[in-house]
Amino acid sequence: MRKRLLLPFCSLFAAPAFAAELQVGVEIPRLEVAEYHRPYVAIWLEKPDQQHVADLAVWYDLKMKDKEGEKWLKDLRQWWRRNGRGLELPVDGVSGATRAVGTHSLSFAGDSAQLKELPAGEYSLVVEAAREVGGRELLRVPFAWPPRQAEQHQAQGKTELGAVTLELKP
């Protein structure tokens, strides 16, 4: 009898660990340039010592003949050095096409593949963008995981990225 009552009671305390949610917003700004190309973008999580933890998204030209789009991922220098060069691309659930001008949202539940084994601690959301005939930009948004309360964080880009937002829900 005691075991039957204890198991449902314990599950009440375990549930919040999986209920956490991480939402990311990435703004691709409109640039007034003669030759515009959509940027390649990598979004990942890292520890305070900049050790790679998990890839959230990599946006690049997936449809180029002979996987030519993968050749230019090296321009996402920080991501490439930390994890990109070791990946077999495309990565299911991570790789995606480049995005047009505007704000793009990503949402990850606490039990998603990227977050389910993420230990409690301090992290940074990192967003890196590189554009052909353009520049490069990297933004870091520090946060603690798992969130104890709803939180919002933001970083503002200057060239290749606009606002990068991070919303955490317990």
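Just above, that's the structure.
Presented here is a report on the structure given in the accompanying data block. Computed from a prediction, not measured in an experiment: that's the story for all the values here. (Residues numbered from 1 in each chain as written. Predicted model: local features only at pLDDT ≥ 70, side-chain atom pairs only at ≥ 80, totals over all residues. Heavy atoms only, no water.)

### Some remarks on the sheet that holds strand β3 (residues 52-59)
- Taking strand neighbours across the sheet as the criterion, the 5 strands line up as β4-β3-β2-β6-β7 in an open arrangement whose pairing is mixed. Each end of this open sheet is capped by a strand with a single partner; those strands are β4 (95-96) and β7 (136-145).
- Of the pairings in the sheet, the one linking strand β2 (residues 40-46) to strand β6 (residues 121-130) comprises 7 bridges and is antiparallel in character. Among the inter-strand pairings, Val41 is bridged to a residue of β6, identified as Ala129. (Pairing = 2+ DSSP bridges. Helix = DSSP H or I, 4+ residues; strand = E, 2+ residues; numbered from the N terminus.)

### Remarks on the environment of Asn83
- The residue Asn83 is located in the loop between α3 (77-82) and β4 in this model.
- For Asn83, a relative accessible area of 21% puts it in the partly exposed group.
- Spatially, the C-alpha atoms of Asn83 and Asp55 are 8.3 Å apart, while their sequence positions differ by 28 residues.
- Every residue in contact with Asn83, bar those within four places of it in the chain, is listed here: His52 and Asp55.
- Reaching out from Asn83, the side chain makes a polar contact with the side chain of His52 at a distance of 3.5 Å. (Buried < 20%, exposed > 50% of the residue type's maximum accessible area, 1.4 Å probe, protein only. Contact = heavy atoms within 4.5 Å. Polar contact = N/O pair within 3.5 Å; in protein donor to acceptor, adjacent residues only side chain to side chain.)

### Here we look at the pairing of strand β9 (residues 163-169)
- Sheet topology places strand β1 (residues 21-28) next to β9; 6 bridges connect them, and they run antiparallel. Bridging from a neighbouring strand, Gln23 pairs with Glu167 of β9.
- Examined bridge by bridge, strand β8 (residues 151-156) and β9 share 6 bridges and lie antiparallel to one another. Note on β9: the bridge partner recorded for His153 is Leu166.

### Notes on the sheet that holds β8
- Spatially, β5-β1-β9-β8 is the arrangement adopted by the 4 strands of the open sheet, whose pairing is antiparallel. Each edge of the open sheet is held by one strand with a lone partner, namely β5 (102-109) and β8. On average, adjacent strands in this sheet sit at an angle of 15° to one another, irrespective of strand direction.
- Taken together, the 8 bridges between β1 and β5 define a ladder with antiparallel strand orientation. Bridge pairing in β5 places Glu27 opposite Thr103. (Axes fitted to C-alpha atoms, helices over the stretch in contact; angles between N-to-C directions.)

### Here we look at the packing of aromatic side chains
- Inspection of every chain in the model, using the stated rule, returns 3 aromatic pairs.
- Look at Tyr40 and Tyr60: their rings are 6.2 Å apart centre to centre, the planes differ by 55°, and that puts the pair in the tilted class. Taken together, the positions of Tyr40 in strand β2 and Tyr60 in the loop between β3 and α2 (68-71) put the pair 20 residues apart, joining distant regions of the chain.
- Residue classification places Tyr40 among the buried residues on the basis of a relative accessible area of 11%. (Phe/Tyr/Trp six-rings, centres within 6.5 Å; stacked < 30°, edge-to-face > 60°.)

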